[in-house]
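Close look at the chain arrangement
Each chain is listed here by its residues.
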Amino acid sequence: MLEKAIYGGRRYWVWIFFLLGLISVGFLAYLYQFKSGLGITGMSRDVSWGLYIGQFTFLVGVAASGVMVVLPYYLHDYKKFGRLTILGEFLAIAAVIMCMLFIFVDLGQPLRVLNVILHPTPNSVMFYDMLVLSGYLMLNLLIGWTVLGAERKEVAPPKWVKPLIILSIVWAPSIHTVTAFLYAGIPGKHFWLTAILAARFLASAFAGGPALLIILALIVRKYTKFDPGKEAIQSLGKIVTYCMLINVFFLGLELFTAFYSQIPGHMHTFAYLYAGLHGHNQLVPIMWVSSILALIAIVLLVFPQIRKNENLLAVACLATFFSLWIDKGFGLVVGGFVPNSFEKITEYWPTLPEALIALAVWAIGFLVLTILYKIAVSIKEEVVFDKYGEKQIKAE
Amino acid sequence: MYNAGKIIIGIIIFVGLVTFPFIFAGGKATAKPDPKIDTPEILKMPENERKCVESKSFMKKEHMQLLNDWRDWVVRDGNTIYTNAEGKTFNMSLQNTCMKCHSNKKKFCDECHNYTAVKPYCWDCHIAPKEKES
Amino acid sequence: MSINRREFLKMAGITTILGIGGVSAVQGVRNRVEASQASRAPEALTAKRWAMVVDMSKFKSEEDYQKCINACHLSHNVPHITDNPKHEIKWLWTETYEHAFPGNEDKYRAERFQHMPFLMLCNHCENPPCVRVCPTQATFKRKSDGIVMMDMHRCIGCRFCMAGCPYGARSFNYKDPRPYIDGSKENLEFPTRMKGVVEKCTLCYERLAKGLQPACVEVSNGALIFGDLEDPNSAVRKVLSERFTIRRKPELGTGTSVYYII
Ligand code: SF4
């Protein structure tokens, strides 16, 4: 099936080469980091995780969110999602690959990465994270590829994939729960030490991931002959709406506990992020951008009439995605380190090489995604569903 | 034969790539490594005591394994004394035992490591004996 | 039975992978030296759980602190990074009371206590979160004496331990530390570190093995008291039973082994 990826129009190749360009620039930046060490990033003794780990955390959510289309289709027999499942699974694959790359570029001694397997350490959450992430990658590759292959041959997928699909449905929340446990089990970091963190992670993931999927589905429809289905996109919009509301609700719970209890340690990070603390306020503008985007998204999403308009839905999804990208891909990780263990403040902002490396990882993700989608779409263009979205028919 | 032209060109490129290193090196092999053990520290010792912690053949083959084990025993188990096959004891330390005799890292370690293109990362942390530039 | 080309290739791939794995497994079993050949030096200082008491009343001047810090940093080749405070490496350093014991501030407390510098180091916790989170056991608690050790050879530089330590005891080598070590004062008996690994106080495990007290304790003129917390007759237990002491963030349940007498 891979051969589908090497036939494409002009636009396809321009896009591919654009991504390859970003990747090469980022690769050069990475060589520089590899040679001189992580000192070329904005990280410090106090803020020892930054953009890379933030992006990793955010992308685990994107990966997990594939389940939001797979679950209704397979467990509730919601046929409308039939055309979206492959897009969801392939998005998960690209996201997990990005996650792994972000962990890799964050390591001080990347060549020793296999030590994690050579010296397996079951008391470290990182160990489980590695297990669940690679397992999830395998599952999605296997399922996506097999189902698509069967579809191409116009036969039913082999029976053994069904149990794997069920497994992947259970597996998806686990990857994000384990990722939340990286943070939620650390003593002395009040901002992270909250039982609701995993729930917050899942809520934001199930809003941000499907939001991205909607955007992707709209793009696919615009530029190819494959239509993921109007109703499917609307249903997905509903999922984004509910999850975004739950996400904001959870954030509200955190704010209540911190500010009603008035315990300084619990308030400090929130104060730093949204108002600035002791004159340090570097993150305040972007945190407000995130909040305002969230607000816009919610206003657009909660009214079904607005949501039904696909252009406005796209705007709402973009707003959701970027709001969560800032909140979780940056604020959450950096905020946990401010103030530090001595109640002192060191601020963090990524450097240019750091940003280029992060951009390149995204470009790799999009490259993988583009190729996978190209394959899926080429096959879907040949074999499509009838107008009820239920039965596969041959395209005219 | 179908596509004969393409295949022949392919074969030529393949052969070129495979033989490139040999052609590039001009057919000469790098000189055979000849590690030296003639440091002043070793020469000072009486002839019959000039012995490494284990036999020469063992050290030649297994020094990397021995160093790995030493490292784990010292750093992880807190044991610092090594008793060799003859019952002699040594302080397990690359910097303070091995290199005290083999103070010629360049002619001792690097000689073979360069030849075989292995780059152990020992010296990123362990301080190599100060040698005069030769 | 006939197999098509695709299946043949699949089988070939699988056998190759198995083959490579098999060969390396066989090579793994080699003739090697035995762990039983390693033993502790007879002169080594031993304890069930090492601990330290910092007697603040004996730190009178800036110099008293600096003496200890220098002894530590010089004997362990700790780089002195001044060009970027974000990349600082510290094993032993000072923080004023309000920063060392956050949450215990009191604005009416005597001025000299508010800003009194306290000596900070890794607490060699009994239940260390840094060890719990490390994915490779590069940092681990030595069973024999409770020292929380660093295996620099194994550290992959993920910095999970830095996030995990609630005491800010850990530093990361954001760059090659060697240019920041004064060559003339270098301790040739001890290694340096390389870029990309985490480091911290190791309670002078290398000196204990030779029967010596930690470097800072040795030069402290009795301001630092060192001993076995589980031995009722040890020096530390003696002070602990007589004087009022505090520890940093005891509410976290880490069981720190560094005590402060004010
Ligand atoms: S003080 Fe920090 S680094 Fe030291 S043992 Fe405790 S948690 Fe680990």
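It should be emphasised that the depicted structure is a prediction, and the values quoted were computed from it without experimental measurement.

Some points on the overall build of chain A
- Within chain A, the secondary structure is distributed over 14 helices and two strands.
- Whereas a compact globule of 396 residues would reach a radius of gyration of roughly 21 Å, chain A reaches 21 Å, a difference of no more than 12%.
- When its C-alpha atoms are laid out on the principal axes, chain A stretches across 70 × 50 × 40 Å.
- Intrachain contacts of chain A at a sequence separation of at least 6 include 77% that bridge at least 24 residues.
- Working note: accessible area of chain A is about 16600 Å², and carbon and sulfur atoms make up 72% of it.

Remarks on the overall build of chain C
- Counting its secondary structure elements, chain C contains nine helices and eleven strands.
- Against the 2.2 N^0.38 benchmark of 18 Å for 262 residues, chain C shows a C-alpha radius of gyration of 24 Å, more extended than a compact globule.
- Residue burial in chain C is summarised as follows: out of 262 residues, 53% are buried.
- Of all intrachain contacts in chain C linking residues separated by at least 6 positions in sequence, the fraction that spans at least 24 positions is 64%.
- Carbon together with sulfur atoms contributes 55% to the accessible area of chain C, which is approximately 12500 Å² in total.

Quick notes on the site of the ligand
- Around the ligand lies a shell of 13 residues, among which Cys122, Asn123, Cys125, Cys130 and Cys165 of chain C are the nearest.
- Among the residues forming the shell around the ligand, the class breakdown is nine nonpolar, two polar and two charged.

Remarks on the sheet that holds strand β2 (residues 50–55) of chain C
Residue and element names in this part refer to chain C.
- Reading across from one edge, β9-β2-β11-β10 is the order of the four strands in this open sheet, with mixed pairing throughout. Of all strands in the sheet, those with a lone pairing partner are β9 (224–228) and β10 (245–246), marking the two edges.
- Helix-sheet contacts for helix α9 (residues 235–242) involve β2, β9, β10 and β11 (258–261), and the interaxial angle to β9 is about 115°.

Here we look at the interface of chain C and chain A
- Residue-level contacts link 46 residues of chain C with 40 residues of chain A.
- Surface buried jointly by chain C and chain A totals about 3600 Å² across both partners, of which 54% is contributed by carbon and sulfur atoms.
- With a closest N to O distance of 2.7 Å, Lys344 of chain A and Glu95 of chain C form a salt bridge.
- Residue assignment for the side of chain C that touches chain A shows that the elements contributing at least two residues are β3 (93–96), α5 (129–133), α6 (160–164) and β7 (171–172) of chain C.
- Taken together, the residues of the side of chain C that touches chain A sort by class into 24 nonpolar, ten polar and twelve charged.

A closer look at a nonpolar patch on the surface
Residues and elements named next belong to chain B.
- A cluster of nonpolar side chains, Ile7, Ile9, Ile11, Ile13, Phe14, Val15, Leu17 and Val18, forms an exposed patch at the surface whose accessible area comes to about 780 Å².
- In this fold, Ile11 is placed in helix α1 (residues 4–24).
- With a relative accessible area of 48%, Ile11 lands in the partly exposed category.

Topic: empty space enclosed by the protein
- Counted according to the given criterion, the structure contains ten cavities of 30 Å³ or more.
- In this structure, the largest cavity spans a volume of roughly 110 Å³.
- Around the largest cavity, the lining is made up of 13 residues, and of these Arg45, Asp46 and Ser341 of chain A together with Met162 and Gly168 of chain C lie nearest the centre.
- Considered class by class, the residues forming the lining of the largest cavity number five nonpolar, four polar and four charged.

Notes on the layout of surface pockets
All names here are of chain A.
- Looking at the second largest pocket, its volume works out to about 1300 Å³.
- Forming the boundary of the second largest pocket are 42 residues, of which Trp15, Leu216, Ile219, Phe366 and Thr370 lie nearest the centre.
- Mapped onto the lining of the second largest pocket, the elements with two or more residues apiece are α1 (10–36), α2 (51–64), α8 (197–223), α13 (310–336) and α14 (352–382).
- With 13 residues, α14 is the largest single contributor of residues to the lining of the second largest pocket.
- Across the lining of the second largest pocket, the residue classes break down as 31 nonpolar, seven polar and four charged.

Here we look at the side chain of Thr241 of chain A
All names here are of chain A.
- Here Thr241 lies in helix α9 (residues 230–261).
- Among the residues examined, Thr241 registers a relative accessible area of 5% and is labelled buried.
- Among all residues touching Thr241, those that are not within four sequence positions of it are Leu301, Val302 and Arg307.

Considerations on the domain arrangement of chain C
- If you check the domain split of chain C, you get domain 1 (1–36) and domain 2 (44–261).
- The straight-line distance from the C-alpha centre of domain 1 of chain C to that of domain 2 of chain C is 47 Å.

What to know about the side chain of Ser323 of chain A
Residue and element names in this part refer to chain A.
- Structurally, Ser323 can be placed in helix α13.
- Overall, Ser323 belongs to the buried group, its relative accessible area being 3%.
- Residues within four places of Ser323 in sequence aside, it is in contact with Met244, Ser290, Leu293 and Ala294.

Structural notes on the packing of α2 of chain A against helix α4 (residues 85–106) of chain A
Residue and element names in this part refer to chain A.
- Relative to each other, α2 and α4 sit at 160°, their axes nearing to 8 Å. One finds that α2 runs roughly antiparallel with respect to α4. Where α2 crosses over α4, the handedness of that crossing is left-handed. Here α2 contributes Tyr52, Ile53, Gln55, Phe56, Leu59, Val60, Val62 and Ala63 to the contact with α4, which in turn contributes Leu91, Ala92, Ala95, Val96, Met98, Cys99, Phe102, Ile103, Val105 and Asp106.
- Grouping the amino acids of the contact of α2 with α4 by side-chain chemistry returns 16 nonpolar, one polar and one charged.

Some points on the environment of Lys200 of chain C
Residue and element names in this part refer to chain C.
- Relative to the helices and strands, Lys200 is located in the loop between β8 (198–199) and α7 (205–208).
- On a C-alpha basis, the gap between Lys200 and Arg170 in space is 5.1 Å, while along the polypeptide they are 30 residues apart.
- When sequence neighbours within four positions are dropped, the list of residues in contact with Lys200 reads Trp91, Cys122, His124, Thr139, Val148, Met150, Ala169 and Arg170.
- There is a polar contact of 2.7 Å between the side chain of Lys200 and the backbone oxygen of Val148.

Some details on helix α2 (residues 62–75) of chain C
All names here are of chain C.
- Between its first and last C-alpha, α2 extends 20 Å over 14 residues, near the 20 Å set by a 1.5 Å rise per residue.
- Restricting attention to buried positions, one finds in α2 the residues Asp64, Tyr65, Cys68, Ile69, Ala71, Cys72, His73 and Ser75.
- Turning to α2, the residues buried within the fold contact β3, β4 (117–120), α8 (215–219) and β9.
- Just past α2, the residue Asn77 takes up positive phi, approximately 50°.

Scoring rules and cut-offs
Residues numbered from 1 in each chain as written. Chains lettered and ligands numbered in written order. Predicted model: local features only at pLDDT ≥ 70, side-chain atom pairs only at ≥ 80, totals over all residues. Heavy atoms only, no water. Helix = DSSP H or I, 4+ residues; strand = E, 2+ residues; numbered from the N terminus. Rg over C-alpha atoms; globule rule 2.2 N^0.38 Å. Contact = heavy atoms within 4.5 Å. Areas by Shrake-Rupley, 256 points an atom, 1.4 Å probe, with all protein chains shown as cover. Buried < 20%, exposed > 50% of the residue type's maximum accessible area, 1.4 Å probe, protein only. Near = heavy atom within 4 Å. Nonpolar A, V, L, I, M, F, W, Y, C, P; charged D, E, K, R; others polar. Pairing = 2+ DSSP bridges. Axes fitted to C-alpha atoms, helices over the stretch in contact; angles between N-to-C directions. Buried area = accessible area lost by both parts, 1.4 Å probe. Salt bridge = Lys/Arg side-chain N within 4 Å of Asp/Glu carboxyl O. Patch = residues over 30% accessible without salt bridge, like charges linked within 9 Å, V, L, I, M, F, W, Y side chains within 5 Å. 1 Å grid on protein atoms, 1.4 Å probe; cavity = no way out; pocket = protein on both sides within 12 Å on 5 of 7 lines; lining within 4 Å. Points joined across faces, edges and corners; volume = space filled by probe spheres on them. Domains from an automatic or database assignment. Parallel < 35°, antiparallel > 145°, perpendicular 65-115°, else oblique. Left-handed = near helix turned anticlockwise from the far one by under 90°. Polar contact = N/O pair within 3.5 Å; in protein donor to acceptor, adjacent residues only side chain to side chain. Expected span 1.5 Å × (residues − 1).

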